[in-house]
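Each chain, written out:
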Amino acid sequence: SLKKLSYYLSLMKRSRTEFKALKYMKKSIFYMKKVAKISRYPIFFVGLKGDFSYTDMREDFHNPYVNDDYNYSNVGVGIGVRWRFSLAKNKYLDSEVKVKERENLLMIEKAFRGLAISLRLAYYKLLKDLKKVEIAKNSYRIARRWLISAKADYDANLIKSKELIEAYKGYLRLKKSL
């Protein structure tokens, strides 16, 4: 049986791939917002560097003022902070996210409107066709009764054969159209 139009509209929203894609786009905009927010914070970093060299053929001597390129070991640590104070860039990222969000909402609305209109048209056309089928069924029942009545009247010599033929024609015409 045919359900209400609202059921088909919600089914369309759940199952159409366009709406699924727009849903994922909405998710990506959420993460864009997160990135824009995180980009305002400072970045702390730590670096560690170490290297060594050892050669058997050279003498090992320990003098802090002489650099031996063949026998040595070095270790270094670096700590730093990077913070972008670019207010213009932060504003740009915020506005870009807002534009994407508006775009997404407009796309969802546009897609839903267009598909909803075509769904409504199909739904109302189906309702109209179902009414036509119901009318045709009723007409078929009436034509059948007319034919049975015409046969009985012809058998009782109440009508002429021409009227019986008209009843047959009407019945067959209706049966053919179904």
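Since the structure is predicted, the reported quantities are computational estimates derived from the model, not experimental observations.

**Q** Tell me about the packing of aromatic side chains, and please be specific about residues and values.
**A** Evaluation of the coordinates by the stated rule reveals five aromatic pairs. Here Y8 and Y123 contribute two aromatic rings whose centre-to-centre distance is 6.0 Å and whose plane-to-plane angle is 50 degrees, an arrangement assigned as tilted. Pair noted here: Y8 is in helix α1 (residues 5-15) and Y123 is in helix α3 (residues 87-155), with a separation of 115 residues, a long-range link. A residue is classified by how much of its surface remains accessible, and Y123, at 14% relative accessible area, is buried. When the ring of F30 is compared with that of Y31, the centres are 5.2 Å apart and the planes differ by 70 degrees; the resulting orientation is edge-to-face. Pairwise contacts between aromatic rings join Y7, Y8, Y123 and Y124 into one cluster. Sitting above the plane of the Y7 ring, K3 keeps its charged end 4.4 Å from the centroid. The ring of F112 has K13 sitting right over it, with the charged end atom 4.7 Å from the ring centre.

**Q** Can you explain the pattern of salt bridges? Please cite residues and give values.
**A** Tallied over the entire structure, the rule returns four salt bridges. Between E101 and K33 there is a salt bridge, and its shortest N-O distance comes to 3.0 Å. Pair noted here: E101 is in helix α3 and K33 is in helix α2 (residues 17-38), with a separation of 68 residues, a long-range link. The exposure class of E101 is partly exposed, given its relative accessible area of 30%. You can call K33 partly exposed: its relative accessible area is 38%.

Cut-off values and rules
- Per chain, residues are indexed from 1 in the order of the written sequence.
- In view of the model being predicted, local features appear only for residues whose pLDDT reaches at least 70, and side-chain atom pairs are presented and counted only at 80 or more, with totals across whole chains, interfaces and linings using the full set of residues.
- No hydrogens and no water enter the side-chain calculation; it runs on all heavy atoms of the structure.
- Here a Phe, Tyr or Trp ring, Trp counted by its six-membered ring, pairs with any other such ring whose centre lies within 6.5 Å, and the pair is stacked when the planes are under 30 degrees apart, edge-to-face when over 60, and tilted otherwise.
- Think of it this way: any DSSP run of H or I at least four residues long counts as a helix, any run of E at least two long counts as a strand, and we number them from the N terminus.
- A 1.4 Å probe rolled over the protein chains alone gives each residue an accessible area, and that area as a share of the maximum for its type sets the label: buried under 20%, exposed over 50%, partly exposed in between.
- A ring is scored as having a charge over it whenever the NZ atom of a lysine or the CZ atom of an arginine sits within 6 Å of its centre and within 35 degrees of its normal.
- Within this document, salt bridges are pairs made up of a side-chain nitrogen of Lys or Arg and a carboxyl oxygen of Asp or Glu, the two lying within 4 Å of each other.

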